[in-house]
Amino acid sequence: MEWWSVVVAIVGGFVIVWGVVVIALVVAARRSGDGLRLVEALRLVPDVVRLVRRLVADPTVPRGVRIALVALLGYLLLPIDLVPDFVPVIGYLDDAIVVALVLRFVTRRAGAAAVDRHWPGTPEGLRAVRAAVGLSGS
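Scanning the protein for helices and strands turns up 6 helices and 0 strands. The burial tally for the protein puts 36% of its 138 residues in the buried class. Once local pairs closer than 6 in sequence are excluded, the contacts in the protein between residues at least 24 apart make up 57%.

Right, here's the structure in full:
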């Protein structure tokens, strides 16, 4: 396999995961009644990536949480999925579900204060992420 095809696959994977997460967050925000604009939704994915990076780097976050976050990044980077991506709709939905489950685990283990402290985005974005992972609050 050529090096450039690996790079293209990685970049393509990031773009696909980004799109899936944006769609999941928009759907979750609409269900919770928050009027989330598309521009705000597009900003959420980089904010979630920065949140994960900050939580992994924070020594006050429990080790198990940091390991789960690193495993999440590894899962998203690997081309192997629970459901193959070529399966319409549910192929990408498994990635969004895994992200939501890990973020829910992180919030419950590290505490909402840790997520609030490291959240780089807007309060509306944080509410949308919380809605996506099934947690209430501001």
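Taken together, the buried positions of helix H6 (residues 123-132) are occupied by Gly125, Leu126, Ala128, Val129 and Arg130. Note on H6: the residue one or two positions beyond its end, Gly134, has a positive phi of about 80°.

What follows covers the nonpolar core. If you look at soluble globular proteins, the nonpolar side chains tend to sit buried side by side. Judged by nonpolar contacts, the single largest core of 24 residues is most densely connected at Leu55, Leu69, Leu103, Val106 and Trp119. Elements supplying a minimum of two residues to this core: helix H2 (38-57), helix H3 (63-77), helix H4 (90-110), helix H5 (112-118) and H6. No other element matches H4, which puts 6 residues into this core. Apart from residues lying up to four places away in sequence, Trp119 is in contact with Leu44, Asp47, Val48, Leu51, Arg54, Gly125, Leu126 and Val129.

We now examine the pattern of salt bridges. Using the criterion set out here, one finds 4 salt bridges in the structure. Note that Asp47 is salt-bridged to Arg50, the shortest N-O span being 2.2 Å. Of this pair, Asp47 and Arg50 both sit in helix H2, 3 residues apart, which is roughly one turn of that helix. Looking at Asp47, the relative accessible area reads 1%, which means it is buried. Taking the relative accessible area as the measure of exposure, Arg50 reaches 28% and is therefore partly exposed. Salt-bridge contacts for Asp116 lead to Arg130; the nearest nitrogen and oxygen are separated by 2.7 Å. Linking Asp116 in helix H5 with Arg130 in helix H6, this pair joins segments that are 14 residues apart in sequence.

Now for a nonpolar patch on the surface. Judged by side-chain polarity, Trp3, Trp4, Val7, Val8, Val11, Val15 and Trp18 come together as a nonpolar surface patch covering roughly 750 Å² of accessible area. Looking at where Trp3 falls in the secondary structure, it is placed in helix H1 (residues 3-32). Taking relative accessible area as the criterion, Trp3 reaches 66% and is therefore assigned exposed.

The next thing to look at is the confidence of the model for the protein. Overall, the predicted model of the protein reaches an average pLDDT of 77, with 74% of residues at or above 70. Per-element mean pLDDT across the protein ranges from 73 in H1 up to 89 in H5.

What counts, and where the lines are drawn
- Counting of residues starts from 1 at the beginning of each chain's written sequence and follows it residue by residue.
- Thresholds applied to this predicted model are a pLDDT of at least 70 for local features of residues and 80 or more for the giving and counting of side-chain atom pairs; totals over whole chains, interfaces and linings are not thresholded and use all residues.
- Computation of side-chain values: all heavy atoms of the structure, hydrogens and water removed.
- Only DSSP runs of H or I reaching four residues or more are called helices, and only runs of E reaching two or more are called strands; each is numbered from the N terminus.
- Note on classification: 1.4 Å probe, protein chains only; a residue is buried when its accessible area is under 20% of the maximum for its type, exposed when over 50%, partly exposed between these limits.
- Only heavy atoms enter the contact rule, under which two residues are in contact if any of them lie within 4.5 Å.
- Nonpolar cores were defined as sets of buried Ala, Val, Leu, Ile, Met, Phe, Trp, Tyr and Cys residues, with membership established by side-chain atoms within 4.5 Å.
- Any Lys or Arg side-chain nitrogen located within 4 Å of an Asp or Glu carboxyl oxygen qualifies as a salt bridge.
- Patch definition: residues above 30% relative accessible area lacking any salt bridge, with like charges linked at up to 9 Å and the nonpolar side chains Val, Leu, Ile, Met, Phe, Trp and Tyr linked at up to 5 Å.
- Residue exposure ignores everything except the shown protein chains as possible cover, and the areas themselves are Shrake-Rupley values with a 1.4 Å probe.
- Scored from 0 to 100, pLDDT reflects the predictor's confidence in each residue.

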